[in-house]
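Summary of the model geometry
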Amino acid sequence: MILAVVFGVVIGLSTGLLGAGGSILAVPALVYGVGQPMSTAVPTALVVVAASAIGGLCSRNRLQLVQWPVALVSGVAGIPGAIGGAALGRSLPQDWLLLGFAVLMTVVAVRMFRGGKEHSGACRTPDGEIDHQRCLPRTAAAGSGVGVLTGLFGVGGGFVVVPALSILLGLTAPQAIANSMVVIAINSISGLFAHAGAAAQLDIGVLLAFAATAMLVSVAAARFSERLPASTVRRAFAWAVLAVAAGVGISSAIGLATA
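This structure is a prediction, so every number in the text was calculated from the model and none was measured. (Residues numbered from 1 in each chain as written. Predicted model: local features only at pLDDT ≥ 70, side-chain atom pairs only at ≥ 80, totals over all residues. Heavy atoms only, no water.)

This next bit is on the overall build of the protein. The helix and strand inventory of the protein stands at 11 helices and zero strands. Taken from the N to the C terminus, the helices and strands of the protein come in the order α-α-α-α-α-α-α-α-α-α-α. Out of the 259 residues in the protein, the part that is buried amounts to 51%. For the protein, the computed accessible surface area is about 11,200 Å², with 69% contributed by carbon and sulfur atoms. (Helix = DSSP H or I, 4+ residues; strand = E, 2+ residues; numbered from the N terminus. Buried < 20%, exposed > 50% of the residue type's maximum accessible area, 1.4 Å probe, protein only. Areas by Shrake-Rupley, 256 points an atom, 1.4 Å probe, with all protein chains shown as cover.)

Considering the arrangement of structural elements, one finds Thr44 in helix α3 (residues 38-57). Through-space distance from the C-alpha of Thr44 to that of Asp203 is 8.3 Å; in sequence the pair is 159 residues apart. At a separation of 2.8 Å, a polar atom in the side chain of Thr44 contacts the main-chain carbonyl oxygen of Thr40. (Polar contact = N/O pair within 3.5 Å; in protein donor to acceptor, adjacent residues only side chain to side chain.)

What follows deals with the packing of helix α2 (residues 26-34) against helix α6 (residues 94-114). The N-to-C vectors of α2 and α6 enclose an angle of 135 degrees; their axes lie 11 Å apart at closest approach. What the angle tells us is that α2 and α6 run oblique. With respect to the hand of their crossing, α2 and α6 are arranged in left-handed fashion. Seen from α2, the contacting residues are Val27, Pro28, Val31 and Tyr32; seen from α6, they are Gln94, Leu98, Phe101 and Met105. In the contact of α2 with α6, the residues fall into seven nonpolar, one polar and no charged. (Axes fitted to C-alpha atoms, helices over the stretch in contact; angles between N-to-C directions. Parallel < 35°, antiparallel > 145°, perpendicular 65-115°, else oblique. Left-handed = near helix turned anticlockwise from the far one by under 90°. Contact = heavy atoms within 4.5 Å. Nonpolar A, V, L, I, M, F, W, Y, C, P; charged D, E, K, R; others polar.)

Helix length check: helix α10 (residues 204-224), at 21 residues, gives a terminal C-alpha distance of 30 Å against a target of 30 Å (1.5 Å per residue), a fit within 8%. Listed as buried for α10 are Val206, Leu207, Ala209, Phe210, Ala211, Thr213, Ala214, Val217, Ser218, Ala221 and Ala222. In this structure Asp203 caps α10, since a side-chain oxygen of it lies 3.1 Å from the backbone nitrogen of Gly205. (Expected span 1.5 Å × (residues − 1).)

Turning to the side chain of Asn187, a few remarks are in order. In this fold, Asn187 is placed in helix α9 (residues 173-194). Setting aside chain neighbours within four positions, we find Asn187 in contact with Gly75, Gly78, Ile79, Ala82, Gly143, Val146, Gly147 and Thr150.

Let us now look at the nonpolar core. The biggest cluster of nonpolar side chains holds 39 residues, and the ones touching the most others in it are Ile24, Val27, Phe153 and Phe210. For this core, the elements supplying multiple residues, two or more each, are α1 (2-18), α2, α3, α6, α7 (132-153), α10 and α11 (230-258). When residues in this core are grouped by element, the largest group, nine residues, is from α6. Contact partners of Val27, with chain neighbours within four places excluded, come to Met38, Ala41, Val42, Ala45, Phe101 and Phe153. Grouped together as the second largest cluster of nonpolar side chains are 22 residues, Val49, Leu57, Val70 and Ala178 included. (Core = buried A, V, L, I, M, F, W, Y, C linked by side-chain atoms within 4.5 Å.)

Between its terminal C-alpha atoms α3 stretches 28 Å, which fits the 28 Å expected from 20 residues at 1.5 Å a residue. Counting buried positions along α3 gives 17 out of 20 residues, so the element sits mostly inside the fold.

Together, Ile54, Ile189, Phe193 and Met215 line one region of the surface with nonpolar side chains, adding up to about 370 Å² of accessible area. Note that Ile189 resides in helix α9. Judged by relative accessible area, which is 38%, Ile189 ranks as partly exposed. (Patch = residues over 30% accessible without salt bridge, like charges linked within 9 Å, V, L, I, M, F, W, Y side chains within 5 Å. Salt bridge = Lys/Arg side-chain N within 4 Å of Asp/Glu carboxyl O.)

What follows is about the confidence of the model for the protein. Summary statistics for the protein give a mean pLDDT of 77 and a share of 82% for residues scoring 70 or more. Taking the mean pLDDT of every element in the protein, the minimum, 70, falls on helix α8 (residues 158-169) and the maximum, 85, on helix α5 (residues 68-91). (pLDDT = per-residue confidence, 0-100.)

Following the sequence through the fold, Pro174 ends up in helix α9. Looking at Pro174, the relative accessible area reads 39%, which means it is partly exposed. Spatially, the C-alpha atom of Pro174 lies 9.3 Å from that of Val66, the residues being 108 residues apart in sequence.

Now the structure itself:
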């Protein structure tokens with residue numbers, strides 16, 4: 001239970017400060033820290049991810065930054081992907097799933113090290129407004145891809161959504177973070193429904209401690225996000241993700257070798 005609270009703090013901090021990244025540690029924390037199987041860890045992680053995203057969005061300033069047509073289209077487009085990803089995850093052996101997760105974590109860590117640059121966005125009109133109709137296919141495609149990752153691995157996908165919204169639509173970093181939290185919440189909830197069959201196996205005590213801590217810390221972190229150097233926080237978290245990825249990859253490889 002104590003470990004669940006500790007990991008909840010880490011995930012809440014990352015989601016509140018960066019709008020991405022924290023959920024990538026939820027499944028390894030539950031599998032290796034709490035001792036849950038993947039079939040239980042993924043739906044538990046989805047609850048935690050949804051709670052931390054909603055908590056990070058609760059800041060009044062962030063709600064004002066949300067471009068609702070963009071966020072809702074991307075989130076709704078991810079629902080079929082989340083359902084399909086969940087079905088695929090149930091068909092794969094745990095060690096293979098964890099090995100794939102380690103690869104994903106490595107990609108996330110590299111992306112965090114590199115950081116992101118704001119772009120003018122291909123979907124901007126000459127006066128600087130977002131052309132929602134022209135951007136619809138790109139927004140939907142990004143949302144679908146994130147949905148698959150959410151259902152398969154129990155991650156929010158903010159590490160994909162934030163740069164995608166910045167590059168494709170030209171949103172500023174604060175806008176991209178705020179919109180990503182709406183997308184994460186929608187995808188996580190839909191992914192959770194796809195894993196409804198595992199509801200009876202969930203440890204409610206661990207789930208509540210983990211989710212409540214992540215949500216509360218995310219709310220607090222969101223209020224201080226503009227006061228801290230995001231690049232320093234991002235790089236420190238990237239090192240943590242990379243270290244966990246190495247551990248997960250080695251463990252799953254040993255499991256496959258001895259199977």
